[in-house]
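Descriptive analysis of the structure
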Amino acid sequence: MQNKPNIAYFCMEYGLDEELPIYSGGLGVLAGDYLKAAADLDLPVIGLGILWEQDYTQQYIGEDGRPYDTFPTFDFDFLTDTGITVTVNIEGEEVDCKVRLVDKYDNAPLYLLDTNFPESEHGWITSKLYGGDDKDRLAQEMVLGIGGVRALRKLDIDVDKYHFNEGHAVLAGVELIREKMEAGMSFDEAKEATREEIVFTTHTPVRAGNEIHEHRLLQHMKAYNSLNYKQMKEIGDNPFNMTVAGLRLSSITNGVSDLHQETTKEMWKDVDDKAPIIGITNGVHAKTWQDERIKNAYEAGEDLWQPHYELKQELVDYVKEVDGANLNPDSLIIGFARRTAPYKRSELIFRDADAIDPLLREGKIQLVFSGKAHPNDDTGKDIVQNLVQMEQKYTDSVVFLENYDMDIARKMVRGSDVWLNNPRRPLEASGTSGMKAAMNGVLNLSVVDGWLAEGPEHGVSGWLIDEVLHEEYNHLSEDEQDLRALHQIIYDEVIPTYYENHEEWKKMMQASIDMSHEQFSAQRMVKEYYDRLYNITSKERDKDFEAIEVITESIEEVHFPQHEM
Ligand SMILES: *Cc1c(COP(=O)(O)O)cnc(C)c1O
C-alpha cells in the first residue's frame, strides 16, 4: 500500500450499529464493517448511502406462529446535518436530497442522502429500504448514484476511485460520464476515462438475482441523465442489467470469495467489454464482532473456555428474557441465523426426524435460530413458521429469536458453541456470520461454499460437510446427501468432542481464532482492496489478471445446479 488514493464507496445499505437501522443484512453489514476498518487503518475512505426512514422490516412472530412485518419510522436527530442539499431530476421533477453525516461509530465518514424531510414532496423515495416497485427502486438508485456524485462535488471531496458495492450504484457511473461530456469529451472518451475511476464489487451468485430495468422505465424516470438509448444500451444491455453495467463501467471487478469469483466469471462469460474479475474475500470488523474477553484471553494465551462460558451464559439469559425458553449452558448450543431464503435451508437439520428427535428431547443439542424473511416472501415466511413450530414442539431445546438484527447476531455469534451453515452450493457468495463466530472460538459446521473453502480445516478448526460426503450416496439429491453428512458429523464428531473431550474442543476453539482473526478481518479485506483494486495501474492490473487466469484455468469447472434462489 504505497499510495493512498481517496475512495468514495457507494452502497444502498449500511449496518454500522443496530441503533441506525438502515440495513437489511449481509451486504449492509459488510459495508459498515468496511467503513470501520478503513477508519482503523486511517485510510482516506468515505461512504455514500441513503438515510432510510424505515429499514426493510421489523419482523415479529404472531399468535399463529407466522412472522408479520412492522415498519416503524425513525427520526435520526443524532446525525449531523451537513447543511448541503443536492438536486436530482427524477421523473421530470427536481428532487432535493439533504445530506447527513454519520461518523459516530468509529467509522470512516458516511454521507447519507435523504429526500424525506418535513417540507419534501418526494419523501417516498427514501422511505423504505428495498420497498416498493421497480419505479421506486430506480428512484432510490438515482438518488444514491447521481445524488451521491453531486454530493461529493458540493462537499468538495476529491475522489480518486469510486467503489460500487453491488450494482445499485451504477447510475453514479452514468453521472460521471455526463460530467465529462458536459466538459467537452465524446461519449467514448468519457466512458473510458470513467472506467479508470470505478471499481465494482458484485455479490450475487445467480443470474436471476441480478437486477434489471426496462429502458422505457429508465427513460420515463430520467435515469438516462442526458445519455441516449444507444449509449445506455452499450453500458447495460436491453433490458438494462445493473450488474452488467457495473462490469462494463469498472476497470476491475471483484467477487467476494475465491469460489464466488469463479461463479461470477462463469455467469457473465458472455458479457463483452467487461472488466477483469478477481476474488477478494470478505472480512468482518473484529472490534465489532469479537468479544473483548475472548480477544484478551486469546492474546494472553489464557484458557478460552471461561470467557466463552460467560458469553454462552449471556446468550442463555437473553433467550430466557425475550423468549422464555430455558437453555442449559452446560449443553451444546448450535446457532443458525440467516435470511430465510430457501437456498439457505434453515430447516435442513429437522428433515431427518429420527436422528434429531432424541438429541433434542435429551437436551444433548440445543438449537438457536434467528432470521427475517423479506416482507413479500411467503416461502421465506413459511420457513420461519416451520422453525417456530419446532420451537413449540421442543420447548427448551429449540429457540427462534424474532427480529434478527446486529444485536442478536452479536449475541449469537459469541454465545453459541457451534455455528451451522448449510446453503445449497454455489449460492452463498461469501457468508460472513461464520467469520464472526470463528473469531469468537465458535466452531463452524458448514457446507463448503463461499469463504468456507478458504477457512476452517475439517476436524481442526471446524467441520466441513463436504469432507464426509460418501460416494455411495451420489445418486441422492444434494439435500439428502448433505442431511446425512450433517447428522454424521453431529453424531460422530461434534457431540463426542463436546461432551467427552473438552481439551480437544478448546484446541479447536484456539485453532478457529488462529484461522480467522486476521485472515477474515475487514482490515485484511480493506488492505487487499487497496492493493488489488484501488492502487493498481492498468498495466499491473492486466498482469495480475493474466496470472489469475492461469491459476483459475487449472481449477475444475464450477458446477451450476439449476435451482431457485
Ligand atoms: C453478519 C450478518 C449478516 C450476514 O451473515 P451471512 O452469514 O452472510 O448470512 C446478516 N445479518 C446480520 C444482522 C449480520 O450481522
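Per an unreviewed UniProt entry, the chain is named glycogen phosphorylase, and its organism is Acetohalobium arabaticum. Entered under Function (unreviewed entry) in the UniProt record, the comment concerning the chain runs "Phosphorylase is an important allosteric enzyme in carbohydrate metabolism. Enzymes from different sources differ in their regulatory mechanisms and in their natural substrates. However, all known phosphorylases share catalytic and structural properties." Recorded in UniProt for the chain, the comment headed Cofactor (unreviewed entry) runs: "pyridoxal 5'-phosphate".

**Quick look at the pairing of strand β18 (residues 443–446)**
Burial along β18 is two-sided: the residues L443 and L445 and N444 and S446 are all buried. Strand direction decides the pairing type here: strand β17 (residues 418–421) and β18, joined by 4 bridges, are parallel. From the neighbouring strand, L420 faces β18, where its bridge partner is L445. Each parallel crossover has a hand, and for β17 linked through helix α15 (residues 433–439) to β18 it is right-handed. Across 3 bridges, β18 lies against strand β19 (residues 462–464) in parallel orientation. Bridge pairing links S446 to L464 in β19.

**Points about unusual backbone geometry**
The peptide bond linking N238 to P239 adopts the cis configuration, its omega dihedral lying at 0°. Along the chain, P239 turns up in the loop between α6 (229–236) and β11 (240–241). Omega for the bond connecting R425 with P426 falls within 30 degrees of zero, at -5°, which places this linkage in the cis form. With respect to the helices and strands, P426 occurs in the loop between β17 and α15.

**Topic: the domain arrangement of the chain**
Partitioning the chain into structural domains gives domain 1 (7–279) and domain 2 (291–516). Taken residue by residue, the interface counts 29 residues in domain 1 and 30 residues in domain 2. For the pair domain 1 and domain 2, the summed buried area comes to about 2,400 Å², and 55% of that belongs to carbon and sulfur atoms. In terms of surface lost to domain 2, no three residues of domain 1 exceed Y56, Q59 and R66, which account for 24% of the buried area on that side.

**Some details on the site of the ligand**
Around the ligand, the structure places 14 residues, and the nearest of them are W289, R338, T432, S433 and K436. K344 places a polar side-chain atom, nitrogen or oxygen, 3.3 Å from an oxygen atom of the ligand. At 3.1 Å from an oxygen atom of the ligand is found a main-chain nitrogen or oxygen belonging to T432. Summarising the interface, the protein chains cover 93% of the accessible area of the ligand, which totals 390 Å² for the free molecule. For the shell around the ligand, the elements supplying multiple residues, two or more each, are α1 (26–40), α14 (406–415) and α15. For the shell around the ligand, the class distribution of residues is 5 nonpolar, 5 polar and 4 charged. Two domains each provide a minimum of three residues to the shell around the ligand, namely domain 1 (7–279) and domain 2 (291–516).

**Brief notes about the sheet that holds β18**
Here we have 6 strands laid out as an open sheet, ordered β16-β15-β14-β17-β18-β19, and parallel in their pairing. On the outer flanks of this sheet lie β16 (398–401) and β19, each paired with one strand and no other. When the angles between neighbouring strand axes are averaged without regard to direction, this sheet yields 20°. Along the sheet, helix α13 (residues 378–393) contacts β15 (365–370) and β16; its crossing angle with β16, the most-contacted strand, is approximately 140°.

**Digging into the packing of aromatic side chains**
In total, this model carries 17 aromatic pairs according to the counting rule given. Ring geometry for F10 and Y162: centres 6.4 Å apart, planes at 45°, overall tilted. With F10 in strand β1 (residues 7–10) and Y162 in strand β8 (residues 161–165), this pair connects stretches of sequence that are 152 residues apart. In this structure, F10 and Y162 share a single accessibility class: buried. Between Y529 and Y534, the aromatic rings sit 6.0 Å apart at their centres with planes inclined by 50°, giving tilted as the arrangement. For the pair shown, Y529 and Y534 are each scored as buried.

**Describing helix α8 (residues 258–267)**
Most of α8 sits inside the fold, with 7 of its 10 residues counted as buried. Residues of α8 that are buried include every one of H260, Q261, E262, T263, T264, K265 and M267, and no others.

**Focus: the sheet that holds β8**
Hydrogen bonds between backbone atoms are what pair the strands of a sheet, whose relative direction is either parallel or antiparallel. Pairing is mixed in the open sheet, where 9 strands are placed in the order β5-β6-β7-β2-β1-β8-β9-β12-β13. Each of the sheet's edge strands pairs with one partner strand only, and the pair in question is β5 (80–90) and β13 (277–279). Geometrically, the sheet is characterised by an average inter-axis angle of 25° between neighbouring strands, direction not taken into account. Strand direction decides the pairing type here: strand β6 (residues 93–102) and strand β7 (residues 110–114), joined by 5 bridges, are antiparallel. The residue of β7 that forms the bridge with R100 is L112. Sheet contacts for helix α2 (residues 134–155): β1, β2 (45–50), β5, β6, β7 and β8; angle to β5, the most-contacted strand, approximately 125°.

Parameters and conventions
- Residues numbered from 1 in each chain as written.
- Predicted model: local features only at pLDDT ≥ 70, side-chain atom pairs only at ≥ 80, totals over all residues.
- Heavy atoms only, no water.
- UniProt positions renumbered as here; feature names shortened; annotations may be inferred.
- Buried < 20%, exposed > 50% of the residue type's maximum accessible area, 1.4 Å probe, protein only.
- Helix = DSSP H or I, 4+ residues; strand = E, 2+ residues; numbered from the N terminus.
- Pairing = 2+ DSSP bridges.
- Right-handed = clockwise from strand over helix to strand, strands pointing away.
- Domains from an automatic or database assignment.
- Contact = heavy atoms within 4.5 Å.
- Buried area = accessible area lost by both parts, 1.4 Å probe.
- Near = heavy atom within 4 Å.
- Polar contact = N/O pair within 3.5 Å; in protein donor to acceptor, adjacent residues only side chain to side chain.
- Areas by Shrake-Rupley, 256 points an atom, 1.4 Å probe, with all protein chains shown as cover.
- Nonpolar A, V, L, I, M, F, W, Y, C, P; charged D, E, K, R; others polar.
- Axes fitted to C-alpha atoms, helices over the stretch in contact; angles between N-to-C directions.
- Phe/Tyr/Trp six-rings, centres within 6.5 Å; stacked < 30°, edge-to-face > 60°.

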